[in-house]
Amino acid sequence: MIYIVSGLPRSGTSLAMQMLGAGGLPVLTDELRASDTNNPRGYYEWEKIKQLPQDPACIAEAEGKAVKVISTLLMSLPGGHEYRVLFMIRPLEEVVASQAAMISNLGTRGAALPAATMMAALKAHRNQVIAWLRSRPEIPVLQLDYHSLLADPDARAAEIATFFGPALDTNAMARQVDPALHRQRVQQSL
Amino acid sequence: MPQALAQKVLLIGWDAADWKIATPLMDQGLMPTLDDFVDHGVMGNLATLRPVLSPMLWNSIATGMRADKHGIHGFTEPDTQTGGIRPVSSTSRKVKAIWNILTQRGYKTHVLGWFAGHPAEPVNGISVSDLYPYATQPLDKPWPLPPGAVHPEKMRDTFADLRMHPAELTEAAILPWIPRAAEIDQEKDKGLASFAKILAENLCIHNAATWILQNQPWDFVAVYYNGIDHFCHGFMHFHPPRMEGVPEDKFEIYKDVVNNAYRFHDMMLHTLLDLAGPETTVILCSDHGFHSDHLRPRGIPREPAGPAVQHRQFGIIAMRGEHLKQDERIYGATLLDITPTILTLFGLPVGEDMDGRVLVQAFEEPPSIERIPSWEQVPGECGMHPADLRMDPAAAQAVLQQFVALGYIQKPNENQEKAVATAVREANYNLARVYLDSRRPKEALPLLEDLAKNSDEARFRQHLAQCYYMLGERAEAKRVLEDLIANPPKPPEPEKPQTDGAALTPEDQNVEEQSQPAGPPAQVAEAPAGESIEQEPPGAAASPRPWADWLMGVIHFEEGDTEEALACLLRAEQADPRLPNLHLRIGETYLRRRQLDDAERAFRRALDIDGDSPEAHLGLAQVNLRKRHNEDAAEEALLAVGLQHFLPLGHYALGVALARLGHPHRATLAFETSVSMLPGLVNAHRWLAALESRPGGDLEKAASHRKLAADLLKRRREQLAGIAAN
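Calculation rules
Residues numbered from 1 in each chain as written. Chains lettered and ligands numbered in written order. Predicted model: local features only at pLDDT ≥ 70, side-chain atom pairs only at ≥ 80, totals over all residues. Helix = DSSP H or I, 4+ residues; strand = E, 2+ residues; numbered from the N terminus. Buried ≥ 20, exposed ≤ 12 C-beta atoms within 10 Å, placed from the backbone. Contact = placed C-beta atoms within 7 Å. Pairing = 2+ DSSP bridges. Axes fitted to C-alpha atoms, helices over the stretch in contact; angles between N-to-C directions. Expected span 1.5 Å × (residues − 1). Nonpolar A, V, L, I, M, F, W, Y, C, P; charged D, E, K, R; others polar. Core = buried A, V, L, I, M, F, W, Y, C linked by C-beta atoms within 7 Å. Domains from an automatic or database assignment. pLDDT = per-residue confidence, 0-100. Parallel < 35°, antiparallel > 145°, perpendicular 65-115°, else oblique. Left-handed = near helix turned anticlockwise from the far one by under 90°.

1. Things to note about the overall build of chain A
Within chain A, the secondary structure is distributed over seven helices and four strands. When the helices and strands of chain A are placed in sequence order, the string is β-α-β-α-β-α-α-β-α-α-α. Relative to its full complement of 190 residues, chain A shows a buried share of 44%. The contacts in chain A between residues at least 6 apart in sequence include a share of 69% that link residues at least 24 apart.

Take a look at the structure:
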């Protein structure tokens, strides 16, 4: 079994990986990408996964472990393995804002699009990935709402543990959730 | 609901099949199955659409719609997974294909190998994608099917086992095609490898199709073979007669490959027909033809999808089945007509949003045709991918760029970035050409203006000039042309046809990319087609000057300045005497100037280039009418309408000649045909009024035609007055 954490970049995937690690599930990470202001507790990434479209066989190294596979790479998962996918859902306004902040911190250049257009593109992409997952009934998927996780870490940790199967330490998982790190919130209208 | 006129329908696609090659082989008894097929059915030319690019065309065949509606705009699209490009996919098609409509209506439906068919759609039957047959690894390595190549997933192993690897082809399979294969130095000449690849891929599709016909219940099967197109791109320059520059030894080795490709397809057709059974209605079609004679281009433009210059405007259609005519020709068919015709065969309504029409003339009795506004509005499971799986290429590119900036996916290499930019640009260019081809220049204009602003490539400026011309903005068209003449881009070097038999098709380029996902992406897109029906720029010539002169001449002609028109056209002739349609325009200009001998010479030169040009025969008919050589005029007009039935001026010229020759009844028929095609043809109404006024004629009809002619003239005068006032 390969335990996959996925979602759009900046939708809480690192937090989910952190929880799984704390809960006792081996995580596949090379820690090449060090923690920074964008992700103070680390990214929990495995650089090699970026090669998945070109080298689908590399996923075999994740057997029995949790691995972060960003949304766009999911559709390159090869057959021949059992997968379970935890797919993080965060409001797109927050995702776009968080991505913009991270791009600014990194000093890189993202798509030169207005936020609304970027949001529409990300929405289409996320829908596309979710539709693809639906077309693969052999891959069980748990969609987890990021806000729900922040609001009730214990319940969500239990939900994740039930979904992934192995006996995970749900208390330790829940303790990883730190609402203080939730910085790009949707502005509530008064 | 209308009655179903077919129990089962088998749709067979032969990419690039052309009667110009098939007919002589049939006459020699070398394609006996096709010969028998057309003896017991109907056959005709199938007019293609522009741009002449197979992914767009096969999806027009499958939907009855032009590419602006169906959404397949080229060979490739951005791939958010790799950061590069991928072959255009089934998730990019925006509308239902015929197999989706039939799935929706509960028919058992199978589709194999269709262009832009990956990932395989969840139809009510089996779907095998166009990426199914490609061998991505050597024979001694695992050769897994790409994910999504077969629907349903449970059939995956069955179909994986039906494939054939090129390396599995033995001498026994190769020698009948290339008897002197042993003489080929395979280190230097990749022709044999190219040949084996094409043959194996088509065998994969054929094995899958025959397995379905033998083992599955079915109501509709659509199967697409790319073999003829790929064999022609690879080996047409070896086809007899030997082209200049082709070495004699290579010619001797490969000269029979194209003919043998047709014979091979004939054998596959035999098997398909045998398995389908006599109760099945079978439609065989191609998306375009392929130049096989002196019109073969001397070089391939060095631009995206340059090999498309080898495509010819007419493909083939042949149909056989209950309720269809036997041993008859049909005329005026376009590839948009296939889907409406299949719907009618199943007794289903045709969507009013479809651009094609039912091929009524193929039926023994005119079929009852029901219409609905659109199949897109009919709810229910139709076997398409969920709408969410479909994504606009521009949005995909933006997501990709964003994720790269965030460091979550690998930055595409320079080649990949270039390929993505090219894919998006070519999609816009192709869409603009769809608008021009369907006479919607207003919609093409913003796309072309943007393309011309960002690139000095001649083809963008050529189409922009053409667009202005179609909009009636002659001054703007002239400005673009003058700029093109004054500031020509660096001329691209034409590629010589490869003489090792390994020339890549645009489709091959995609395959290469697919088979080497880690490598640099192929620079794929497309090119202007190589021939012209109307004012389409005729391809990337070494210099855009002759074409600019040609269009400038056309504009002057329309403005009534025949002297300046002639000067431009003759200048173009001097630079590139093989420019398509050039001699026709010269002939028309001389005709208007009443220089009849010069006009005749020009039309004959057009026929020297293309003996099957209906416009050239029409020009000669008009010259002969002016000279009062009425028998010659009738003969030329008959040739013209024989080549292209939908040619109102051809029928008109025939009518005039027949009337003068004393055949009023036949003349009446010809005039009636012309006005049925072009109701505003004033002189035809006048002739009809005159003919019906003769003793024994229909005076009521005469009065009606007289009135129509008067009304048309009045309206025209009013329009002219309006233009003058403005």
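2. A closer look at the overall build of chain B
If you tally the helices and strands in chain B, you get 28 helices and 16 strands. If one aligns the C-alpha atoms of chain B with their principal axes, the spans along those axes are about 80 × 60 × 55 Å. Across the 726 residues in chain B, those meeting the buried criterion constitute 57%. Counted over contacts in chain B with a minimum sequence separation of 6, partners at least 24 positions apart contribute 66%.

3. Quick word on the sheet that holds strand β3 (residues 83–89) of chain A
Residue and element names in this part refer to chain A. Overall, parallel pairing links the four strands, which are arranged β2-β1-β3-β4 in an open sheet. Unpaired on one side and paired on the other, β2 (66–68) and β4 (141–145) mark the two borders of the sheet. Averaged over all adjacent pairs, the angle separating strand axes in this sheet is 25°, with direction ignored. Examined bridge by bridge, β3 and β4 share five bridges and lie parallel to one another. Bridged to M88 within β4 is L144.

4. Comments concerning helix α3 (residues 92–106) of chain A
Residue and element names in this part refer to chain A. Here α3 spans 20 Å end to end across 15 residues, near enough to the 21 Å set by a 1.5 Å rise per residue. Within α3 the residues assigned to the buried category are L92, E94, V95, V96, S98, Q99 and M102. At the exit of α3 stands G107, carrying a positive phi of roughly 75°.

5. Considering helix α23 (residues 614–626) of chain B
Residue and element names in this part refer to chain B. For α23, which comprises 13 residues, the first-to-last C-alpha distance of 18 Å matches the rise-based estimate of 18 Å (1.5 Å per residue) to within 8%. α23 sits mainly inside the fold: twelve of its 13 residues count as buried. If you check which residues of α23 are buried, you get P614, E615, A616, H617, L618, G619, L620, A621, Q622, V623, N624 and L625. Contact partners of the buried residues in α23: α21 (582–592), α22 (596–609), α24 (630–643) and α25 (648–660).

6. Considering the interface of chain B and chain A
Contacts between chain B and chain A engage 23 residues on the former and 31 residues on the latter. Among the residues forming the side of chain B that touches chain A, the class breakdown is 14 nonpolar, seven polar and two charged.

7. Considerations on unusual backbone geometry
Residues and elements named next belong to chain B. Cis geometry marks the peptide bond from H151 to P152, where omega comes out at -5°. For P152, the location among the structural elements is in the loop between β7 (150–151) and α6 (156–161). For the bond running from P240 to P241, omega is 0°, close enough to zero to count as cis. Looking at the secondary structure, you find P241 in the loop between α9 (227–235) and α10 (248–254).

8. Section: the nonpolar core
Grouped together as the largest cluster of nonpolar side chains are 213 residues, with contacts concentrated most on V257(B), L448(B), L551(B), A637(B) and A653(B). When residues in this core are grouped by element, the largest group, 13 residues, is from helix α8 (residues 191–215) of chain B. Setting aside residues up to four positions removed in sequence, A653(B) forms contacts with L618(B), A621(B), Q622(B), L625(B), A633(B) and A637(B). Formed by 64 residues, the second largest nonpolar core is a distinct cluster that contains L20(A), W46(A), A161(A) and L389(B).

9. Points about the domain arrangement of chain B
The assigned domain composition of chain B is domain 1 (8–66 + 88–380), domain 2 (544–611) and domain 3 (619–726). Using only C-alpha atoms to locate each centre, domain 1 of chain B and domain 2 of chain B end up separated by 38 Å.

10. Here we look at the pairing of strand β12 (residues 314–320) of chain B
Residues and elements named next belong to chain B. The buried fraction of β12 is high, at seven of seven residues. By the alternation rule, side chains of β12 split into F314, I316, A318 and R320 and G315, I317 and M319, which are all buried. Note that strand β2 (residues 42–47) and β12 share six bridges and pair antiparallel. Residue pairing for β12: G44 is matched across the bridge by I317.

11. Here's the deal with the confidence of the model for chain B
Atom-level detail of predicted coordinates should not be read off regions where pLDDT is low. Residues and elements named next belong to chain B. Taken over all residues, the pLDDT of chain B has a mean of 88, while the share at 70 or more is 92%. The low-confidence segment residues 497–535, where pLDDT is below 50, has 131 contacts with residues more than four positions distant or belonging to other chains. Predicted complex, confidence summary: ipTM 0.79, pTM 0.79.

12. Observations concerning the packing of helix α14 (residues 414–437) of chain B against helix α16 (residues 458–470) of chain B
Residues and elements named next belong to chain B. At a minimum axis separation of 11 Å, α14 and α16 run at an interaxial angle of 30°. If you check the angle between α14 and α16, you find them roughly parallel. The handedness of the crossing between α14 and α16 comes out as left-handed. Contact residues: Y429, A432, R433 and L436 in α14; F460, H463, Q466, C467 and M470 in α16. Partitioned by chemical class, the residues of the contact of α14 with α16 number six nonpolar, two polar and one charged.

13. Thoughts on the packing of helix α19 (residues 545–558) of chain B against helix α20 (residues 562–575) of chain B
Residue and element names in this part refer to chain B. Two elements in contact, α19 and α20, have axes separated by 8 Å at closest approach and are oriented at 160°. Looking at the two axes, α19 sits roughly antiparallel to α20. For the crossing formed where α19 meets α20, the hand is left-handed. Across from R545, P546, D549, W550, M552, G553, H556 and F557 in α19, the residues of α20 making contact are T562, E564, A565, C568, L569, R571, A572 and A575. The class makeup of the residues in the contact of α19 with α20 is nine nonpolar, three polar and four charged.

14. Thoughts on the pairing of strand β8 (residues 220–225) of chain B
All names here are of chain B. The element β8 is extensively covered by neighbouring structure, given that six of its six residues are classed as buried. Taking every second residue as pointing to the same face, both faces of β8 are buried, with F220, A222 and Y224 on one and V221, V223 and Y225 on the other. As judged from the six bridges shared by strand β1 (residues 8–14) and β8, these two strands associate in the parallel manner. Looking across to β8, one finds that I12 is bridged to V223.

15. Points about the environment of I317(B)
Residues and elements named next belong to chain B. Summarising the element assignment, I317 is placed in strand β12. With 21 residues separating them in the primary sequence, I317 and I338 have C-alpha atoms 9.2 Å apart. Each residue touching I317, except ones within four places of it in the same chain, is listed here: M43, G44, L46, C285 and A333.

16. Considering the environment of F557(B)
All names here are of chain B. Position of F557 among the secondary structure elements: in helix α19. Its 20 C-beta neighbours within 10 Å are what place F557 among the buried residues. Between the C-alpha atoms of F557 and G74, which are 483 residues apart in sequence, the distance is 35 Å. Residue contacts for F557: discarding those within four places in its chain leaves T562, A565 and T589.

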